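In case you want the letters, here they are:
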Amino acid sequence: MKNFMNKSKWHNLNSENIFEISSTSRNGLSADEANQRLHKNGKNVLSSAKKESNLILFLKQINHPLIYILLLSTFLTLSMGMITDAIAIAGIILVNSIIGFAQEVKANSAMDALTKIVSYKAKVIRDGTKKEIDATEVVEGDIVLLESGDKVPADLRLFECQSLKVDESMLTGESLPVEKSTSNLAEETLLADRKNMAFSGSYVTYGRAQGVVIATGMNTEIGAIAHLLENAGREKTPLAIQLEKVGKSISVKIMLFSVLFFVVAYFRDYGIVNALLLAITLSVAAIPEGLPTIVSIVLSVAAKRMAKRRAIVRKLEAVETLGCASVICTDKTGTLTKNEMQVLKIEGSDHLELIRAGILCNEATLEHGDPTEIALLSFAEKNGLSTEDVRSKWKRISFIPFESHQQWMASLHFNNKYVAYIKGAPEKIALFCKLDIDILKPQINALATDGLRVLAFARADWPAIENPSFSAISYENISSSEIEWKFLGLQAMMDPPRPEAIDAVAKCQSAGIEIKMITGDHPQTAAAIGKQLSIGLSVITGKELAKASDSEISKWSKEKSIFARVAPENKLAIVKALQESGEVVAMTGDGVNDAPALKQADIGISMGITGTAVAQQASDIVLMDDNFATIKAAVEEGRRAYDNIVKSMIFLLPTNLGEALILLFSILFFPKIGNEILVPISTVQILWVNMVASITLGLTLAFEDKEPDVMLRPPRQRNTNIINRSVLIRTFYVAIIMAFFGIALFLYEFYQAQSTGIDFKIALQEAQTMTANTIVLFQIFYLLECRSIRFSFWNPNLGINKAIPIGIFSLIILQLAFTYLPSLQNIFHTTDLSWQSQIKCIFIAFIIIPIVSLEKWFGQNYHHTKSKLIEKINELKKIKDDPEKLARGVGVGFFWGVSPLWGLQIIAAVFTAKIIRGNILLAAAMTAISNPITNLPLYTFCYIIGNWIIGGTADTYNLDNLIHLETWKNLGPHFIYSITIGTIVVGLLGGVVCYYLTKFLLTRSKNKNL
């Protein structure tokens, strides 16, 4: 057999050359030749990518920096004979690995779905006989027969066609079936325009044909997509990148600090074993073991919520990634549109007759046929004309089928008289009606500009059937001079946008998400849909993309919103260009041609109803209602999931840092009592707090409701740190508070117990138990403040989270068991606590609530206070414009500056100036300035004036007594009365003088300027 030529050349051949190049004939291959080719080239199937074994998938879960440290800690504790500690640490590793493995089991199976595409029967000619064989046995050179309803088994070069139409939307994105022919085409003809080819996986909707198989299996156009899909990269999600970055950063710091602590402990004479134990304890304390688990749980909960909103999540990471998508690249057909043709406009003098013509001159039924013809029937039904009734009354006598070269179809009917109808391209029907096409052009062009496909209709009264030449409608008599065609009008149709898609696109755009339409459809049609959806008007075609450089593609991908007539590789190039420019890309689609781009995108979204199995398996999310509006709901859930992950981190990290600070302080400063190490909390207790308490409480944050502004924020940048400034600030100050009170409580309880003569170990256990309980209680109270990053937990906007009380109650039960259950006491080295001790722990832990609430209040009001301050400063710049207001501010400021109220002075000045509508900022500034200047020298004067007013002598008290405040307690009530009265009088008089003097100077200055 000759080697087949490059498949991109087949459409350029004359049909008579096909058989020679493919070494076949119209009688097909012989059975022996077919078997030889099948043995040489393999079956007509698509190869599957090699899958990783379950063991490899499980081991991948351990490939994490934080897990490395835990594994090292497990090994070291085991080698030191600390079996319980080693088992506890290993248990944490196992739990995290199982959760990660469960998610990896949902591995991508797109190649399996591609294989299913060719698992059907095919009709071929072999040894001159028609045979039906399994499509997997079709070989290159086979002659394949196609009929309406068939699925094309391989790539074919057609050599015979009878009104053939093929639905290639799943491959090219073209919304309408493509009319096929056998004539050769130019070599540069794009895939979607190769009308003499039929491609594997497409469907025949009309007519019949014969073709030579020129490619099978992975050599087909679907096979090319399979190669793209197999080789398409999967970018790491922004969340995965950030968590990996956080994990590496934390791991490096933990290792460095652990080594440093080991050295410090060793030089403090702890010995190698104890120093190593302390280093291990520190590493275990600092690692947020529960973080991977909580992230998985948050994403799982979000995935369940999305399922309720008709979006099925196949990969958990997709939940959060969709929340930060900055660009959605969407297919048109079936995604933004309904994927069904609809008649939208009709123009004619007799609408009833025009609609009836659409029913009769039609080969389809409401359930089956060409989409254009089905649209005519559906429109008739919507307007009260029953297809069944009309066709039963007007019996068809004969018809001429639609042919692409003639561009019209005609039919003859009888109902007491003979009537013929014809429909087709307007310019062709105008010729039959002897109508000047220029008269129709304004109407046609207006409809075409809106992306509508226009069909023209005409009617003719047919001559008596007794005339043999008119007994049936034919190519010969249809143009006879005896036939007078009457032009009925136009019917214009298109695949319209979904109404809900229009609203969804608008909402995504308001959330800062760009929408880009990438379709295989005609540019004019794409532009019309883009206009209706407010996506854009300018269109770039696949032909332009194919010739463009990488820099041009990168530029267009950012600037343009509509890409038409694109091939699979074009879609892939656009997605990659957007990703390289820093965008987080979501790609929607339903066809096989969308699969590579779906996989390459940060988030692939396929359709659940009209979507192919290939697209669904290559995607991360499947929309079960094929509704673009569901994407908006999914974005909303994704943003909520990210917020809840941040809340979980804000909750977890302070505990780990606080425990590390407690250990750091103890290593650096605690004494070593004999051979015993004084540590506020042991390794196994740290594991308990980190894993059990953190996950029990942290899990509840997964159920938090969305923030009010979730769909008003711009998309999060790909490189945005998940541990941002606010997270760091909250982490550090909460950790310091927790560490401070934990250390103070431990030292107090330990030495209190020691002072009563209790044994060292018993005293240590009691103090450690109280420390562990206090940290857990800190977490319970702190959890309430983690429900929102900005608002305190009592804010009514937060709504109700039913998981919070369940989580707190569960943890309290576990903590009571940790403290009082003998079996757990033996494992975790705890001891019974009195109710007074528990109350003490609760009281200390509650301190975190007012502190965090105050920080949130300051954060909320910072920008407001800053803007007010700027506003007041701007007022000062216009000081000459309002002498009255400014003078009051100076007077108030001087009055309170004289006052001995110290810390209350500025507050009082601001409050007073606000009441009398003076300048608040100036009053505060004058108070701050005048206080140190006027108070000390005026104290004696104020005292003398006051003493004179209430009666008495001023000889006893000199300036030295007034400056040294520690002597005031010896001065007696007479002095207090005197200086208070004197200050008020001096302040009032001085304030009045300052007021009038300032007003006089400002007014004079203003008049001079005028």
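These notes cover the structure that comes with them. (Residues numbered from 1 in each chain as written. Predicted model: local features only at pLDDT ≥ 70, side-chain atom pairs only at ≥ 80, totals over all residues. Heavy atoms only, no water.)

Strand order in the open sheet formed by six strands is β10-β15-β14-β13-β12-β11, and the pairing between neighbours is antiparallel. Edge strands, defined here as strands with exactly one partner in the open sheet, are β10 (342–347) and β11 (395–400). When the angles between neighbouring strand axes are averaged without regard to direction, this sheet yields 25°. Summarising the sheet, strand β13 (residues 418–424) and strand β14 (residues 453–461) pair through six bridges and their orientation is antiparallel. Across the sheet, Ala420 pairs through a bridge with Ala460, a residue of β14. The strands that helix α14 (residues 371–382) touches are β10, β12 (408–414), β13, β14 and β15 (486–494); relative to β10, the one it contacts most, it runs at about 70°. Packed on one face of the sheet, helix α17 (residues 437–449) meets β10, β14 and β15 and runs near 15° to β15. (Pairing = 2+ DSSP bridges. Helix = DSSP H or I, 4+ residues; strand = E, 2+ residues; numbered from the N terminus. Axes fitted to C-alpha atoms, helices over the stretch in contact; angles between N-to-C directions. Contact = heavy atoms within 4.5 Å.)

To continue, consider the nonpolar core. For soluble globular proteins, nonpolar side chains are generally found buried alongside one another. Of all hydrophobic cores here, the largest spans 143 residues; its most connected members are Leu322, Trp485 and Ile621. The leading source of residues in this core is helix α25 (residues 628–669), at 16 residues. Beyond its immediate chain neighbours, meaning those up to four positions away, Trp485 contacts Ala420, Tyr421, Ile422, Phe432, Cys433, Ala458, Arg459, Ala460, Trp462 and Ile478. The next biggest cluster of nonpolar side chains, apart from the first, holds 28 residues, and it includes Val343, Leu377, Trp394 and Phe402. (Core = buried A, V, L, I, M, F, W, Y, C linked by side-chain atoms within 4.5 Å. Buried < 20%, exposed > 50% of the residue type's maximum accessible area, 1.4 Å probe, protein only.)

A few words now on empty space enclosed by the protein. As enumerated under the stated definition, the model contains three cavities of 30 Å³ or more in all. Taken as a whole, the largest cavity spans an internal volume of roughly 100 Å³. For the lining of the largest cavity, the elements supplying multiple residues, two or more each, are α14 and β14. (1 Å grid on protein atoms, 1.4 Å probe; cavity = no way out; pocket = protein on both sides within 12 Å on 5 of 7 lines; lining within 4 Å. Points joined across faces, edges and corners; volume = space filled by probe spheres on them.)

Further remarks concern the pattern of salt bridges. Under the defined criterion, the tally for this structure stands at 27 salt bridges. In this structure, Arg498 and Glu500 form a salt bridge, with 3.6 Å as the shortest nitrogen-oxygen distance. Judged by its relative accessible area of 13%, Arg498 falls in the buried class. Under the relative-accessibility criterion, Glu500 is labelled partly exposed at 28%. Note that Asp503 and Lys507 form a salt bridge whose closest N and O atoms lie 3.3 Å from each other. In this pair, Asp503 and Lys507 both sit in helix α18 (residues 499–510), four residues apart, roughly one turn of the helix. Since its relative accessible area comes to 41%, Asp503 is described here as partly exposed. A single network of salt bridges, built from pairs that share partners, joins Arg305, Arg309, Glu636, Glu637, Arg640 and Asp705. (Salt bridge = Lys/Arg side-chain N within 4 Å of Asp/Glu carboxyl O.)

Strand order in the open sheet made by the eight strands is β8-β21-β20-β19-β9-β16-β18-β17, with mixed pairing throughout. Single-partner strands in this sheet number two, and they are β8 (311–313) and β17 (539–541). When strand polarity is set aside, the average angle formed by the axes of neighbouring strands in this sheet is 20°. Two strands pair when backbone bridges link them, and β8 and strand β21 (residues 621–623) are joined in this way by three bridges, in the antiparallel orientation.

With that settled, consider the side chain of Ser398. Following the sequence through the fold, Ser398 ends up in strand β11. A polar atom in the side chain of Ser398 sits 2.9 Å from the backbone nitrogen of Ile473. What Ser398 contacts, discounting residues up to four positions off in sequence, is Ser411, Leu412, Ala472 and Ile473. (Polar contact = N/O pair within 3.5 Å; in protein donor to acceptor, adjacent residues only side chain to side chain.)

Attention shifts here to the side chain of Arg730. With respect to the helices and strands, the residue Arg730 is situated in helix α27 (residues 725–755). We classify Arg730 as buried; its relative accessible area is 3%. Setting aside its immediate chain neighbours within four residues, Arg730 contacts Ile650, Pro654, Tyr782, Glu785, Ile789, Val852, Glu855 and Lys856.

What follows concerns helix α2 (residues 31–41). Ala34, Arg37 and Leu38 are the residues of α2 that are buried. Along the axis of α2, the buried residues cluster in a sector spanning 100°; they form a single face. Residues of α2 that are exposed and point over 90 degrees away from its buried face: Asp32, Gln36, His39 and Lys40. In the core, the buried residues of α2 are packed alongside β1 (121–126). Taken from the residues just after α2, Gly42 is the one with a positive phi, measuring 90°. (Arc of directions from axis to C-beta.)

Another aspect to go through is the pairing of strand β2 (residues 129–134). Where β1 and β2 come together, six bridges link them in antiparallel fashion. When the sheet's bridge partners are listed, Arg126 is paired in β2 with Thr129. The hairpin formed by β1 and β2 contains two residues between the paired strands, and Asp127 there has a positive phi angle of roughly 55°.

Here we come to the packing of aromatic side chains. Inspection of the entire model under this criterion finds 18 aromatic pairs. A centroid spacing of 6.3 Å and a plane angle of 20° characterise the contact between Phe651 and Tyr782, whose relative ring orientation is stacked. Pair noted here: Phe651 is in helix α25 and Tyr782 is in helix α28 (residues 760–785), with a separation of 131 residues, a long-range link. Here the aromatic rings of Trp688 and Phe818 are separated by 5.0 Å at their centres, their planes lie at 20°, and the arrangement is stacked. Separated by 130 residues along the polypeptide, Trp688 in helix α26 (residues 683–698) and Phe818 in helix α29 (residues 803–820) bring together distant segments of the chain. As far as the burial class goes, Trp688 and Phe818 line up, both buried. Aromatic rings pair up to connect Phe665, Phe670, Phe746, Phe750, Tyr751 and Phe760 into one cluster. The aromatic ring of Phe402 is capped on one face by Lys165, whose charged end is 4.8 Å from the ring centroid. Geometry around Phe399 places Arg396 over its ring, the cationic atom sitting 4.7 Å from the centre. (Phe/Tyr/Trp six-rings, centres within 6.5 Å; stacked < 30°, edge-to-face > 60°. Lys NZ or Arg CZ within 6 Å of the ring centre and 35° of its normal.)

Let us now look at the packing of helix α13 (residues 351–360) against α14. At a minimum axis distance of 8 Å, the contact between α13 and α14 shows a crossing angle of 135°. Considering their axes alone, α13 and α14 lie oblique with respect to each other. The hand of the α13/α14 crossing is left-handed. Between α13 and α14, the contacting residues are Ile355, Gly358 and Ile359 on the first element and Leu376, Leu377, Phe379 and Ala380 on the second. For the contact of α13 with α14, a count of residues per class yields six nonpolar, one polar and no charged. (Parallel < 35°, antiparallel > 145°, perpendicular 65-115°, else oblique. Left-handed = near helix turned anticlockwise from the far one by under 90°. Nonpolar A, V, L, I, M, F, W, Y, C, P; charged D, E, K, R; others polar.)

Here Ile847 shows up in the loop between α31 (835–846) and α32 (848–877). Judged by relative accessible area, Ile847 falls into the partly exposed class, the value being 24%. Expressed as a C-alpha distance, the spacing of Ile847 and Met738, which sit 109 residues apart in the sequence, is 9.6 Å.

We now examine the pairing of β12. Counting buried positions along β12 gives six out of seven residues, so the element sits mostly inside the fold. Summarising the sheet, β11 and β12 pair through five bridges and their orientation is antiparallel. Paired with Lys395 across the strands is Phe414, a residue of β12. Sheet analysis places β12 next to β13, joined by seven bridges and oriented antiparallel. Across the sheet, the residue bridging to Ser411 is Tyr421, located in β13. Joining the antiparallel neighbours β12 and β13 is a turn of three residues, in which Asn416 adopts a positive phi near 70°.

What follows deals with the packing of α27 against α31. With their axes 11 Å apart at the nearest point, α27 and α31 run at an angle of 155° to one another. As far as their axial angle goes, α31 and α27 are roughly antiparallel. By crossing handedness, the relation of α27 to α31 is classed as right-handed. Facing α27, whose interface residues are Phe741, Leu745, Tyr748 and Glu749, α31 presents Lys840, Cys841 and Ile844.

In this section: the environment of Phe399. Residue placement: Phe399 occurs in strand β11. The sequence separation of Phe399 and Ala410 amounts to 11 residues, and the corresponding C-alpha distance is 5.6 Å. If we skip the residues at most four places from it in the chain, Phe399 touches Glu363, Met409, Ala410, Ser411 and Ile473.

A grouping of Val259, Val263, Tyr266, Phe267 and Ile272 is seen on the molecular surface, where their side chains present a nonpolar patch of about 510 Å² in accessible area. Of note, Phe267 is situated in helix α9 (residues 238–267). Given a relative accessible area of 64%, Phe267 falls into the exposed group. (Patch = residues over 30% accessible without salt bridge, like charges linked within 9 Å, V, L, I, M, F, W, Y side chains within 5 Å. Areas by Shrake-Rupley, 256 points an atom, 1.4 Å probe, with all protein chains shown as cover.)

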